[in-house]
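Single-letter residue listing:
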Amino acid sequence: MPIRISNRVRRFALPFLFILVLAALSGCTPHHNQSTFGAAGPIAERQKDIFVLIFWVAMAVFVVVEAAIIAITLAYRRRHVEGLPEQMHGNNRLEVAWTIAPAVVLAIIAIPTVNLIFSLDREATAAASNLEVVVTGHQWWWEVEYTGEDVVTANEVHIPVGTAVRIVLHSEDVIHSFWVPKLAGKVDLIPTRANQLVVEATEPGVYFGQCAEFCGEAHALMRFKVVAHEKDDFAVWLDGMRRPALPPAPGSPAAAGQAIFAGNCSMCHSSQTTNPELARSERDTQGVRQEQFLKDLEDSAIIAAPNLTHLATRLTLGAGVRDLNEGTLAAWIRDPNDLKPGNRMKKLANVYRTQGLNDDQINQVVAYLMTLKPGPAGQAPAGQPAGGAPAGDPVARGKQLFTSAGCSGCHATTPDNIVGPGLGGVETRAATRKPGMSSDDYIRESIVNPAAFLVEGFPPVMPANFAQTLSADDLNALIAYLKTLN
Ligand code: CUA
């Protein structure tokens, strides 16, 4: 029975189909931020060449096959004859032909493709001598480390132009895929092994990237940026990452925010990774944080989280979900799930389970985070500055340091255990734990060298850098304060 298309369907269906095809084709515009056709570097260019080759080979196959179908249909269409047409079986010549032809077509595609795969892998290995960046995938953000430079950041990969850069890919949880369409094809990040790829940008600019392997609830919001700088500007960026931010002025909202950050956020987010020692300890600490999280997926108070060093210089927040500014930052802190459903900050961070932060406190944290940018050269080494602790009375000073240096994030001032042991009665316990050692020495050693007397059952996540970030006076004040707790 012939198919009848009603006039009404014809009137609407054809324009609709036309718009659909137009919309689909518009995805191919090289101007789009994530178009593989807008190759912005030699590696993406060579990969695009392979695509173009395959396209034309496929086009030739399409034309030959369609032409044959049309020609045969016309030549052998049913004419006015009675009965079945002549029946046939087997044709050696034809069968050999359509076995060899696809093999030739596949060889034309395979030889340059396989060749390019292997040569890009060799080039990735060789590019390590220019610059190597280690990218670790987390649900749902990217940790970024510069090998040999002791620089750590997140969700932004800065590179110099005209330089082939080796990117080493790891995953801390599930399979992700690193994809910057304008710079290179995608490569998976797989737990327990390292993959690599090479990227190179010809022009300075910001290139959009995103995770290209479904990895859970916030997969579509696991984005990142590659920022390509002129070579000199890249050196300036790298140098800036090693310069501590200016500490907030005492008494300013930012100083208050710093104390709130230290007490509530700093267990998972480092914010001042500006020297080699801190960068190395960050690497270990992130691993331990993730281990702690994996041990207790539902109720862990700690998890690997994006490093926030010089956050104020970044373009976006939440792994690319919004442009970064004071408004979006406040919205993120108020309810991260609002901007990025599925992320684990609200679920795991103690502050959201308890009283939460009020608007003033949120604004103070935002003010602090906006101070996180490279300070002037020759600044004092990074640390968790005491934030205007009162001089004079050591106990009062210690009490303030307890929050501003971040102790309160993990330790209660009572005997109750949170992430770390409760510190009520610590002086008495110190005497029984290490007889012969003064309680002052025991407490001091526990602060500057957390691994020394690690209490069983607690995760080894305490920062090991207090000897650098706290002065001798700070330490004495802190010890004086801790001894008053019971
Ligand atoms: Cu990570 Cu999708």
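Things to note about the overall build of the protein
For step 1, the next point in the chain: Along its length, the protein carries 16 helices and 12 strands.
For step 2, the next point in the chain: Radius of gyration (C-alpha) of the protein: 30 Å, far over the 23 Å computed for a compact globule of 486 residues.
For step 3, the next point in the chain: By principal-axis analysis of the C-alpha atoms, the protein measures approximately 110 × 55 × 40 Å.
For step 4, the next point in the chain: Of the contacts made within the protein by residues no fewer than 6 positions apart, 68% connect residues no fewer than 24 positions apart.

So, the pairing of strand 4 (residues 156-160)
For step 1, the next point in the chain: Most of strand 4 is tucked away: five of the five residues are buried.
For step 2, the next point in the chain: Where burial is concerned, the two faces of strand 4 agree: the one with Glu156, His158 and Pro160 and the one with Val157 and Ile159 are both buried.
For step 3, the next point in the chain: In this structure, strand 4 lies alongside strand 10 (residues 223-229), joined through five bridges in parallel fashion. If you follow Ile159 over to strand 10, its bridge partner there is Ala228.

Remarks on the nonpolar core
For step 1, the next point in the chain: Val165, Leu183, Val198, Val199 and Leu478 are the most contacted members of the largest nonpolar core, which totals 93 residues.
For step 2, the next point in the chain: The element that contributes the greatest number of residues to this core is helix 5 (residues 253-264), accounting for seven residues.
For step 3, the next point in the chain: Among residues more than four places away in sequence, those in contact with Val199 are Gly41, Ile43, Ile159, Val165, Ile167, Val180, Leu183, Ala184 and Val226.
For step 4, the next point in the chain: Core analysis: the second largest hydrophobic core is formed by six residues, Val151, Val152, Leu278 and Ala279 among them.

Observations regarding the sheet that holds strand 8 (residues 195-199)
For step 1, the next point in the chain: Read from one edge of the open sheet, five strands run 3-2-1-5-8, paired in mixed fashion. Looking at the sheet topology across the chains shown, the edges are occupied by strand 3 (151-154) and strand 8. Pairwise comparison of adjacent strand axes, ignoring direction, gives a mean angle of 25° for this sheet.
For step 2, the next point in the chain: Summarising the sheet, strand 2 (residues 141-146) and strand 3 pair through four bridges and their orientation is antiparallel. Bridged to Val144 within strand 3 is Thr153.

Quick notes on the packing of helix 5 against helix 11 (residues 359-369)
For any two helices packed against each other, one specifies the inter-axial angle together with the distance between the axes.
For step 1, the next point in the chain: As a packed pair, helix 5 and helix 11 sit with axes 7 Å apart at the nearest point and diverge in direction by 100°. Viewed along their axes, helix 5 and helix 11 adopt a mutual orientation that is roughly perpendicular. Facing Pro253, Ala254, Ala256, Gly257, Gln258, Ile260 and Phe261 of helix 5, the residues of helix 11 in contact are Gln361, Asn363, Gln364, Val365, Val366, Ala367 and Tyr368.
For step 2, the next point in the chain: When grouped by side-chain class, the residues that make up the contact of helix 5 with helix 11 number nine nonpolar, five polar and no charged.

Thoughts on helix 7 (residues 326-334)
For step 1, the next point in the chain: Looking only at helix 7, the buried set comprises Leu329, Trp332 and Ile333. The arc enclosing the buried residues of helix 7, seen along the axis, measures out at 95°, which places them on a common side.
For step 2, the next point in the chain: For helix 7, the secondary structure elements touched by its buried residues are strand 11 (316-317), helix 8 (336-339) and helix 11.

As for unusual backbone geometry
For step 1, the next point in the chain: The omega angle of the peptide bond from Gln139 to Trp140 is 0°, so this bond is cis rather than trans.
For step 2, the next point in the chain: Tracing the backbone shows Trp140 in the loop between strand 1 (132-138) and strand 2.
For step 3, the next point in the chain: Despite not being glycine, Asp150 shows a phi value in the positive range, around 55°.
For step 4, the next point in the chain: Following the sequence through the fold, Asp150 ends up in the loop between strand 2 and strand 3.
For step 5, the next point in the chain: Judged by the 19 C-beta atoms lying within 10 Å of it, Asp150 is partly exposed.

Criteria and thresholds
- Residues numbered from 1 in each chain as written.
- Predicted model: local features only at pLDDT ≥ 70, side-chain atom pairs only at ≥ 80, totals over all residues.
- Helix = DSSP H or I, 4+ residues; strand = E, 2+ residues; numbered from the N terminus.
- Rg over C-alpha atoms; globule rule 2.2 N^0.38 Å.
- Contact = placed C-beta atoms within 7 Å.
- Buried ≥ 20, exposed ≤ 12 C-beta atoms within 10 Å, placed from the backbone.
- Pairing = 2+ DSSP bridges.
- Core = buried A, V, L, I, M, F, W, Y, C linked by C-beta atoms within 7 Å.
- Axes fitted to C-alpha atoms, helices over the stretch in contact; angles between N-to-C directions.
- Parallel < 35°, antiparallel > 145°, perpendicular 65-115°, else oblique.
- Nonpolar A, V, L, I, M, F, W, Y, C, P; charged D, E, K, R; others polar.
- Arc of directions from axis to C-beta.

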